[in-house]
Amino acid sequence: MPDDFSADSYDAPPSFWRRHADRLWAAGVFLATVVLTVAAFPPSRTPEFAYAFAVPALFWAYLRPAFRLFALTTLAAQAVAWTIILGWLHHVTWGGLVLLGPFIGAWIGSWFLAAWWTLPRMLGRPVLTRLLALFGLAGLWVVIEWTRTWMLSGFPWLPLAASQWQRMSILQIASFTGAGGVSFVLIAMNLGFTAYAHRLLRENERGFNRRSQEFLAAMFLLLVCVATQVQETFNRPRYAVPLGRFAFVQPYIPQNVKWDPSEGPGILRVLETLTLAAGSTKPDVILWPEATTPWAVKGNADTRAWVEHLAHAAGAPLVLGSLAIEPPARTGGEEDWFNSVFVIDPATGLQPHSYAKRKLVPFGEFVPLRPLLGWLGKFVPIGDDFGRGDDPSPLLVNTAARPLALGTLVCYEDIFPALARQSVLAGADLLVVHTNNGWFGTGGAAYQHAANSVLRAVETRRPVLRCGNGGWSGWIDEFGSIRAVLTQDPDTGTMSVDPLEARVGTVYFRGTQTVAVSADSRWIDRQSFYVQHGDWFIGLCTALAALGFLALRPAPLAPVKTPAHDSLTERG
């Protein structure tokens, strides 16, 4: 008889689940994380998934999977999800999509590695310690999002807060904290849901002990967001003050003809037809999108004369995006080109003050570290670098009621909170985004871009007007409510500005619509807390992340409480 009786030949063989538990967990977490992450962001209309997109991975982290398997699964899930979210980039470059999608996903996914270390160490700890860990993880998420505003020239496209762009009730905290406050609450809710699920399914607690303090704390934060300035957001009509009637011109010029000199006369005819139609509605201001004219308004006398004549014929000031050609900044240098916005007064013509884009698109308008990466110009036809503006001063436009100070943002500048804040500090009455999303087809890019504008409106408490080449064009008020969006019925061709019809219409069309825009009198000439104090919340989140780490660092891992049939063992 053998001495080893540890294995009984009559024992039932392990089930399929027990033999492949790790792989099944990894596959399930990967699939769920990809689906929930993509579904949380526009153009999907299910922002509620942002409250739970991380729950599958976080629940798994409580069970202490091997670090290598957990890291590969979560990083791969975020890489795939963000490649899908940024899928519209393939209209410009497949190579850029393949590089940028996984990079952004991995950058965001690094947060899950901190969660893998943190969550098992929260088990069995005092309530205060667990709450510090929860707030620390939420703070760390906000800090990681903030690094995207400057790391490698910056690409803070779609912070988690942007998922709620059509749910204004949770957004109001952003006027105090910036968009990071909304992301903080959403991550806290993910952590709270996960902690509650673990308490119910994995911990042998009864009665009141089944309550999850983490979940209750997250719910309290959510209620604070919803309760913030309830009176202001639900009492707005009493304080509405007309700002003027703005005509949006969407020329919808295809990108493949936009810079073809032979197509220039045809583009001008489109602009003239739409602008005269807009002028017939007697607007106070006519808006054109980014880089509208095929030739520079400043630096080309013929183009300047043409737009001045058109503004006079339309009978309204024209605010347009175009190129500016300036004398060289240094002796012997070449002339400088700027992506700019100009005001054309119907009586006096081109105004002397214009706006030059401050944040240029890497590899689109300049090559970062050109001495090292200049060779990429052989593959990316961008030519010389554009000049970079540094003046956030608003553009002054004279209307029948009063002069308006327009804080200008070009293209993706509205994804950078600091630029909008600087414009308001410089005296902007409202923000105007001139953009050309024609590069990116008719997918989700325009909706994702507009979601960022909603955050800027709430943060600064300024109305935001967006004018795109083919959409998304419309008006967002100080509280993030979409008050007008230009759409067209694809069957009848009927145009509308009703946000409710945006669900059935398309934002991608050629046309013009005039919208009456108002402001909330309580915020005229008043700055929000965020505008006054900037990114103070980032400092708080950094401190919370450090406190959460320090609170857990001395703690050994508590024994795992698992049902008898569970095959997962302690790892890492």
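Before reading on, note that the structure itself is shown above.
What you are looking at is a predicted structure, and each value in this text was computed from that prediction instead of being measured.

Attention now moves to the sheet that holds strand β9 (residues 430–435). Strand pairs in the sheet, formed through backbone hydrogen bonds, run parallel or antiparallel to each other. Here six strands make up an open sheet; going across it, the order is β7-β8-β9-β10-β11-β12 and the pairing mixed. Lying at the two open borders of the sheet, with one neighbouring strand each, are β7 (395–398) and β12 (482–485). For this sheet the average axis-to-axis angle between neighbouring strands, irrespective of direction, equals 25°. Bridging between strand β8 (residues 403–410) and β9 involves five bridges; their strand directions are parallel. From the neighbouring strand, Val410 faces β9, where its bridge partner is His434. Relative to β8, helix α16 (residues 417–425) is tilted by about 160°, and along the sheet it contacts β8 and β9. On the sheet, helix α17 (residues 445–460) packs against β9, β10 (464–468), β11 (474–476) and β12 and is oriented at approximately 160° with respect to β10.

On the surface, Phe176, Phe529, Trp536 and Leu540 cluster together into a nonpolar patch covering about 330 Å² of accessible area. Note that Phe176 resides in helix α8 (residues 174–177). When its relative accessible area of 30% is taken as the criterion, Phe176 is described as partly exposed.

With that out of the way, let us pick up the packing of helix α9 (residues 179–202) against helix α19 (residues 536–552). Running from N to C, α9 and α19 cross one another at 35°; their axes reach a closest spacing of 9 Å. Contacts between α9 and α19 involve Gly180, Gly181 and Phe184 from the former and Phe537, Cys541 and Leu544 from the latter. Its residues placed into classes, the contact of α9 with α19 shows four nonpolar, two polar and no charged.

Further remarks concern unusual backbone geometry. Residues other than glycine predominantly adopt negative phi, and peptide bonds predominantly adopt the trans conformation. Residue Pro43 is reached from Pro42 by a cis peptide bond, and omega for that bond is 15°. The residue Pro43 is located in the loop between α2 (21–40) and α3 (55–62) in this model. That bond from Gly471 to Trp472 is cis: its omega, 0°, falls within 30 degrees of zero. Phi angles above zero are rare outside glycine, and Arg461 is one such case at about 55°. Residue classification places Arg461 among the buried residues on the basis of a relative accessible area of 1%. A positive phi angle, near 60°, is found at Asp525, a position not held by glycine. Examined against the element boundaries, Asp525 turns out to sit in the loop between β15 (511–520) and α18 (529–533).

Right, let's get into the packing of helix α4 (residues 67–85) against helix α5 (residues 94–122). Two elements in contact, α4 and α5, have axes separated by 7 Å at closest approach and are oriented at 140°. Compared by their axis directions, α4 and α5 come out oblique. Crossing hand, α4 versus α5: right-handed. In contact with Phe67, Phe70, Ala71, Thr74, Leu75, Gln78, Ala79, Trp82 and Thr83 of α4, α5 contributes Leu97, Gly101, Pro102, Ile104, Gly105, Ala106, Ile108, Gly109, Ser110, Phe112, Leu113 and Trp116. Partitioning the contact of α4 with α5 into residue classes produces 14 nonpolar, seven polar and no charged.

All right, on to the nonpolar core then. Core analysis: the largest hydrophobic core is formed by 126 residues, its most contacted members being Trp111, Leu119, Phe246, Leu287, Leu465 and Trp472. The element that contributes the greatest number of residues to this core is α9, accounting for ten residues. Among residues more than four places away in sequence, those in contact with Leu119 are Leu58, Ala61, Tyr62, Leu137 and Leu191. Counting 26 residues, the second largest nonpolar core, distinct from the first, contains Val297, Ala314, Leu318 and Phe338.

Glancing now at the environment of Phe215. Assignment of secondary structure puts Phe215 in helix α10 (residues 213–227). Taking the C-alpha atoms as reference points, Phe215 and Phe529, separated by 314 residues in sequence, lie 28 Å from one another. Setting aside residues up to four positions removed in sequence, Phe215 forms contacts with Gly192, Phe193 and Tyr196.

The next subject is the side chain of Arg461. The residue Arg461 is located in the loop between α17 and β10 in this model. Of the polar contacts made by the side chain of Arg461, one reaches the side chain of Gln172; its length is 2.8 Å. Within the structure, the side chain of Arg461 is placed 3.1 Å from the backbone oxygen of Glu478, a separation counted as a polar contact. If we skip the residues at most four places from it in the chain, Arg461 touches Gln172, Ser175, Gln229, Glu232, Glu478, Phe479, Trp523 and Ser528.

Let's shift gears to the packing of aromatic side chains. In the structure shown here, the tally under the stated rule is 24 aromatic pairs. Plain terms: the ring middles of Phe155 and Trp157 are 6.0 Å apart, the flat faces sit at 5° to each other, and that makes the pair stacked. With respect to class, Phe155 is no different from Trp157; both count as buried. On the basis of an interplanar angle of 75° and a centroid distance of 5.7 Å, the ring pair of Phe184 and Phe537 is categorised as edge-to-face. One end of the pair, Phe184, is in helix α9; the other, Phe537, is in helix α19, and 353 residues separate them in sequence. Using a relative accessible area of 7% as the deciding quantity, one classes Phe184 as buried. Phe537 sits in the buried class, given a relative accessible area of 8%. An aromatic cluster of three or more residues is present, and its members are Phe135, Phe176, Phe184, Phe529, Trp536 and Phe537.

Moving on, we come to the pattern of salt bridges. Counted under the stated rule, the structure contains eleven salt bridges. The partner of Glu48 in a salt bridge is Arg167, with the nearest N and O atoms 2.8 Å apart. One end of the pair, Glu48, is in the loop between α2 and α3; the other, Arg167, is in the loop between α6 (127–147) and α7 (168–171), and 119 residues separate them in sequence. Its relative accessible area of 27% is what places Arg167 among the partly exposed residues. Between Asp477 and Arg236 there is a salt bridge, with its nearest N and O atoms 2.6 Å apart. In this pair, Asp477 sits in the loop between β11 and β12 while Arg236 sits in the loop between α11 (230–234) and β1 (240–250), placing the two residues 241 residues apart along the sequence. Linked through salt bridges whose partners overlap, the residues forming this network are Arg236, Asp477 and Arg483.

Reading the values: the criteria
- Residues numbered from 1 in each chain as written.
- Predicted model: local features only at pLDDT ≥ 70, side-chain atom pairs only at ≥ 80, totals over all residues.
- Heavy atoms only, no water.
- Pairing = 2+ DSSP bridges.
- Helix = DSSP H or I, 4+ residues; strand = E, 2+ residues; numbered from the N terminus.
- Axes fitted to C-alpha atoms, helices over the stretch in contact; angles between N-to-C directions.
- Contact = heavy atoms within 4.5 Å.
- Patch = residues over 30% accessible without salt bridge, like charges linked within 9 Å, V, L, I, M, F, W, Y side chains within 5 Å.
- Areas by Shrake-Rupley, 256 points an atom, 1.4 Å probe, with all protein chains shown as cover.
- Salt bridge = Lys/Arg side-chain N within 4 Å of Asp/Glu carboxyl O.
- Buried < 20%, exposed > 50% of the residue type's maximum accessible area, 1.4 Å probe, protein only.
- Nonpolar A, V, L, I, M, F, W, Y, C, P; charged D, E, K, R; others polar.
- Parallel < 35°, antiparallel > 145°, perpendicular 65-115°, else oblique.
- Left-handed = near helix turned anticlockwise from the far one by under 90°.
- Core = buried A, V, L, I, M, F, W, Y, C linked by side-chain atoms within 4.5 Å.
- Polar contact = N/O pair within 3.5 Å; in protein donor to acceptor, adjacent residues only side chain to side chain.
- Phe/Tyr/Trp six-rings, centres within 6.5 Å; stacked < 30°, edge-to-face > 60°.

The analysis is restricted to geometry; functional conclusions fall outside its scope.
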